[in-house]
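# Report on the structure
These are the residues of each chain, in order.
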Amino acid sequence: EMLQVRTKPKGAADAVNSITLKTPNNYVKFGDSIKSVSLIIDKNKDGLHSAGEEVIAKISDFDNTSSIQINNLADLLKYEKDEEKFLVFKVEFSMSVGEKAKIQVSGVKVKSGNTVVELPVSSNEFAYECDKNDPNSCAGNEDDGGCAISELPESNNDTLCIVFALLAAMFAFAAAK
């Protein structure tokens, strides 16, 4: 889960037709280190893809490496007047050590044609790094463990916020012990 957004129509029922995502310059691109993007209605508003929450769209074939458009959402993202929904954009990565990821919701088209305010909406920055306290974390094969995708605060000078996800290989390595 990379980005959670709150959505709400102003004053009348509406529907989202499409959402455009982009990757800013100097970040990994769609189809390269970003393998897929899924859109989920976050029913419990926790920012995660929880049990019972359906993936309403998934893109894994990319025509453009810097932007994608998720289309045909009008029947899936209908809103009553002033109804609030939370959406989660879940991203599958295949990053190399030192790469950084960030996505932005850069455009939204709604059925009514109304202007969507507060765009763009950006995710936090995620970085693929090795644990500097573990001398074996970057040695040789990355499948030996020690590398992780970490969420960084907006300012790169601040300390690391939280570890976002560990490589599946790390879990397999730990389970094998």
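Here's what I pulled together on the structure shown here. Keep in mind that what you see is a predicted model, and the values were worked out from it rather than measured. (Residues numbered from 1 in each chain as written. Predicted model: local features only at pLDDT ≥ 70, side-chain atom pairs only at ≥ 80, totals over all residues. Heavy atoms only, no water.)

This next bit is on the overall build of the protein chain. For the protein chain, the count of helices and strands is one helix and 13 strands. The order of α-helices and β-strands along the protein chain, N terminus first, is β-β-β-β-β-β-β-β-β-β-β-β-β-α. Among the 177 residues that make up the protein chain, the fraction classed as buried is 40%. Partitioning the intrachain contacts of the protein chain with sequence separation of at least 6 by distance along the chain shows that 67% fall at a separation of at least 24. By element, 46% of the accessible surface of the protein chain is carried by carbon and sulfur atoms, the whole surface being about 10,200 Å². (Helix = DSSP H or I, 4+ residues; strand = E, 2+ residues; numbered from the N terminus. Buried < 20%, exposed > 50% of the residue type's maximum accessible area, 1.4 Å probe, protein only. Contact = heavy atoms within 4.5 Å. Areas by Shrake-Rupley, 256 points an atom, 1.4 Å probe, with all protein chains shown as cover.)

Before going further, it helps to examine the pattern of salt bridges. Scanning the model with the defined rule gives two salt bridges in all. Where Glu84 meets Arg6, a salt bridge forms, and the shortest distance between an N and an O atom there is 2.8 Å. Of this pair, Glu84 sits in the loop between strand 6 (78-79) and strand 7 (85-93) while Arg6 sits in strand 1 (residues 3-7), placing them 78 residues apart in sequence. Take Glu84: its relative accessible area is 32%, and that puts it in the partly exposed class. For Arg6, a relative accessible area of 51% gives the class exposed. For Lys100, the salt bridge is made with Glu125, and the minimal N-O distance between the two is 3.8 Å. Of this pair, Lys100 sits in strand 8 (residues 100-101) while Glu125 sits in strand 11 (residues 125-130), placing them 25 residues apart in sequence. Look at Glu125 and you get buried, because its relative accessible area is 4%. (Salt bridge = Lys/Arg side-chain N within 4 Å of Asp/Glu carboxyl O.)

Turning next to the sheet that holds strand 1. On the basis of which strands lie adjacent, the open sheet formed by four strands has the order 1-7-3-4 and antiparallel pairing. On the outer flanks of this sheet lie strand 1 and strand 4 (55-59), each paired with one strand and no other. Each strand axis lies, on average, 20° off the axis of its neighbour in the sheet, ignoring direction. (Pairing = 2+ DSSP bridges. Axes fitted to C-alpha atoms, helices over the stretch in contact; angles between N-to-C directions.)

No statement about biological role is implied by the geometric values presented.
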